[in-house]
Amino acid sequence: MLNQKKLSELFKDEEIDNFYLLVKKCERRLNKNEKPYYYFELADKTTSIVANYWNNFNDTEMSEIKTGDVVYVKGKIIEFANVLQITITKLTKTDTYKPEDFVEKSKRDLTEMLDELNKYYHSIRNINLKKLLGNLIFDNQAIFQKYIISPAGKAWHHAYIHGLLEHTLEIIKICDLICSFHNNINRDLLITGAILHDFGKIYEISSEPGFLYTDEGKLIGHIVISAIEVDKEIQKIKDFPKDLRDQVIHLILSHQGKLEHASPVVPKTIEAITLYHADELSAKVNAYKQAIENNIITNNWTKNIPLAGTDLYYSDSIYTYSENENNRENNYPKDNKTETLDTLF
């Protein structure tokens, strides 16, 4: 069993030895003096870090290292441009640990998530939408397995095994809640869009350790892949309404909300704007939660999180109603009943 500090717990000037990490990138580069060095991106379950091997390396040994390998690392933590990185003094490939030891999985129970997904799938009444989902995902075992194992991202949010499934369920629940407020929203269409919006990620990002982007993912991207695959399946369904087809595709194409965020169109329907904000909420909350869980909190603050563009504040005190409570679980109802405001305050 791997027993070492988390990468996210390391500090500037800290020496590391007997440290094992997963290789996400390895490149031979030249410095400003045209001298070769090796650039690495290394990772554990909590985060990744840039590492540079400047001197005393063996080119033959380095050439054998590839993405997904596990390496032994010795070196020192330095800070460059306000970001921590490793200056390597020794690095060797090892089989002491498996790549899987460095890959995070969803903390949610998989069986529970699958039950939820199937419940929402079977709640859809529109025959055409249900057939589309069945043909594309639920009745296609090979695709279904990819769908439930895939990460939802490479680094920022839900970047772990089963992450796409967890992210999708969060979005579905948010969308379902909004439908309970607004009865003019087409629930079947919206839930279908939630299930399909990131479908292309099963082709865009590899589920192998390192979560590398595929060639298809780099060249086309998950939004367009999703739209293409969904449209191909729609064409196989006899008499699938054109307007319904257009609205499903619109949900996929617009779900990132803005042109500068890679959506080729902005949301132009009630369902599309709902899906966009549900997606944004799920992704941002998960990303901030992961950043807080995987980083040392010093005086209630994390270190700077580059992808967030800021450090993050966290204090346990807001989770307690009284000084006598010792853990956060005490702050929540013991059953599923909703407490009234009079009860809480």
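Details of the structure are given in the entry above.
If you're wondering where the values come from, they're calculated on a predicted model, not measured in any experiment.

**Q** Can you walk me through the overall build of the protein in this structure?
**A** A count of helices and strands for the protein gives 12 helices and 5 strands. Principal-axis analysis of the C-alpha atoms places the extent of the protein at approximately 65 × 55 × 35 Å. Expressed as a percentage of its 345 residues, the buried residues of the protein come to 44%. Of all intrachain contacts in the protein linking residues separated by at least 6 positions in sequence, the fraction that spans at least 24 positions is 56%. A total of about 19,200 Å² of accessible surface is found on the protein, and carbon and sulfur atoms cover 51% of it. Of the side chains in the protein, 42 bear a positive and 51 a negative charge, and the two mean positions are spaced by 3 Å.

**Q** Teacher, can you tell me more about the pattern of salt bridges here?
**A** Any two side chains of opposite charge can pair, so long as their charged atoms come close to each other. Enumeration over the complete set of coordinates arrives at 18 salt bridges. Measuring nitrogen to oxygen at the nearest pair gives 2.8 Å for the salt bridge that ties Arg29 to Glu27. Overall, Arg29 belongs to the partly exposed group, its relative accessible area being 29%. One salt bridge in this structure joins Lys284 and Glu280, with 2.9 Å as the shortest N-O distance. Taken together, the positions of Lys284 and Glu280, both in helix 11 (residues 270-293) and 4 residues apart, correspond to about one turn of that helix. For Lys284, a relative accessible area of 36% translates into the label partly exposed. A cluster of three or more residues bridged by salt bridges with shared partners is formed by Arg108, Glu112, Glu116 and Lys173.

**Q** Quick question: what am I supposed to make of the packing of helix 5 (residues 163-181) against helix 11 here?
**A** Packed helix pairs are specified by the crossing angle of their axes together with the interaxial distance, meaning the distance between the axes. Close contact between helix 5 and helix 11 brings their axes to 9 Å; oriented N to C, the two are set at 130 degrees. Between helix 5 and helix 11, the angle falls in the class oblique. You can see that helix 5 and helix 11 cross each other, and the crossing is right-handed. Contact with helix 5, carried on its side by Glu166, His167, Glu170, Ile171, Ile174, Cys175 and Ile178, involves Thr274, Leu275, Ala278, Asp279, Leu281, Ser282, Ala283 and Asn286 of helix 11 and no other residues of that element.

**Q** Whenever I open this one, the packing of aromatic side chains confuses me. Can you help?
**A** Describing an aromatic ring pair means giving the distance of the ring centres and the angle of the ring planes. Applying the stated criterion across every chain yields a total of 9 aromatic pairs. Both rings, one in Phe199 and one in Tyr203, keep their centres 5.9 Å apart while their planes meet at 75 degrees; by these two values the pair is edge-to-face. Grouping aromatic residues by their ring pairs yields a cluster made of Tyr20, Tyr72 and Tyr97. Positioned over the ring face of Tyr39 is Arg29, at 3.7 Å from the centre of the ring.

**Q** What am I meant to see in the side chain of His250 here?
**A** With respect to the secondary-structure elements, His250 resides in helix 10 (residues 242-254). Looking at His250, the relative accessible area reads 14%, which means it is buried. If near-sequence neighbours (up to four positions away) are discounted, His250 is found in contact with Val265, Val266, Pro267, Lys268, Thr269 and Ala272.

**Q** Can you help me understand the nonpolar core in this one?
**A** Within soluble globular proteins, side chains that are nonpolar generally end up buried alongside one another. Grouped together as the largest cluster of nonpolar side chains are 50 residues, with contacts concentrated most on Ile137, Tyr147, Leu196 and Val230. Those residues in contact with Ile137 that lie beyond four places of it in its chain are Ile143, Phe144, Tyr147, Ile195, Leu196 and Phe199. With 22 residues, the next largest nonpolar core counts Ala51, Tyr53, Phe57 and Val71 among its residues.

**Q** Which parts of the structure should I look at to understand helix 2 (residues 110-122)?
**A** Spacing of three or four residues puts side chains on the same side of an α-helix, whose turn is 3.6 residues. Given a rise of 1.5 Å per residue, 13 residues ought to cover 18 Å, and the 18 Å separating the end C-alpha atoms of helix 2 matches this to within 8%. Listed in full, the buried residues belonging to helix 2 are Met113, Leu114, Glu116, Leu117, Tyr120 and Tyr121. Burial along helix 2 is one-sided: seen end-on, the buried residues are contained in an arc of 160 degrees. Those residues of helix 2 that are exposed and angled more than 90 degrees off the buried face are Thr111, Asp115, Lys119 and His122.

**Q** Looking at this structure, how should I read the pairing of strand 1 (residues 15-30)?
**A** In regular strands, side chains alternate between the two faces of the sheet. Bridge count between strand 1 and strand 4 (residues 70-80): 6 bridges; the pairing is antiparallel. Bridging from a neighbouring strand, Ile16 pairs with Gly75 of strand 4. What sits between the antiparallel neighbours strand 1 and strand 2 (residues 36-43) is a turn of 5 residues, in which Glu34 has the positive phi angle 65 degrees.

**Q** Where do I start with the side chain of Glu166 in this structure?
**A** Mapped onto the fold, Glu166 is located in helix 5. The buried charged residue Glu166 lacks any salt bridge, with Lys289 as its nearest oppositely charged partner at 4.7 Å. At 2.7 Å, the side chain of Glu166 forms a polar contact with the side chain of Tyr160. Apart from residues no more than four positions distant in its own chain, Glu166 is found in contact with Ser106, Lys107, Arg108, Met113, His158, Tyr160 and Asn286.

**Q** Is there a simple way to think about unusual backbone geometry in this case?
**A** Glycine aside, a negative phi is what most residues show, and trans is what most peptide bonds show. Positive phi values are uncommon outside glycine, yet Asp13 reaches one of about 75 degrees. Along the chain, Asp13 turns up in the segment before strand 1. Positive phi, close to 50 degrees, is recorded for Asn18, a residue that is not glycine. Inspection of the secondary structure assignment puts Asn18 in strand 1.

**Q** What exactly am I supposed to notice about the sheet that holds strand 2 here?
**A** Strand pairing within a sheet occurs via backbone hydrogen bonds; the two strands may be parallel or antiparallel. Sheet architecture is closed into a barrel: 5 strands sit in the order 1-2-3-5-4, paired in mixed fashion. Across the sheet, the mean angle from the axis of one strand to that of its neighbour is 50 degrees, orientation sign disregarded. Relative to strand 3 (residues 48-53), strand 2 runs antiparallel, the two being bridged by 6 bridges. What sits directly across from Tyr38, in strand 3, is Tyr53.

Calculation notes
Residues numbered from 1 in each chain as written. Predicted model: local features only at pLDDT ≥ 70, side-chain atom pairs only at ≥ 80, totals over all residues. Heavy atoms only, no water. Helix = DSSP H or I, 4+ residues; strand = E, 2+ residues; numbered from the N terminus. Buried < 20%, exposed > 50% of the residue type's maximum accessible area, 1.4 Å probe, protein only. Contact = heavy atoms within 4.5 Å. Areas by Shrake-Rupley, 256 points an atom, 1.4 Å probe, with all protein chains shown as cover. Lys, Arg positive; Asp, Glu negative; His and termini not counted. Charge placed at Lys NZ, Arg CZ, Asp CG, Glu CD. Salt bridge = Lys/Arg side-chain N within 4 Å of Asp/Glu carboxyl O. Axes fitted to C-alpha atoms, helices over the stretch in contact; angles between N-to-C directions. Parallel < 35°, antiparallel > 145°, perpendicular 65-115°, else oblique. Left-handed = near helix turned anticlockwise from the far one by under 90°. Phe/Tyr/Trp six-rings, centres within 6.5 Å; stacked < 30°, edge-to-face > 60°. Lys NZ or Arg CZ within 6 Å of the ring centre and 35° of its normal. Core = buried A, V, L, I, M, F, W, Y, C linked by side-chain atoms within 4.5 Å. Expected span 1.5 Å × (residues − 1). Arc of directions from axis to C-beta. Pairing = 2+ DSSP bridges. Polar contact = N/O pair within 3.5 Å; in protein donor to acceptor, adjacent residues only side chain to side chain.

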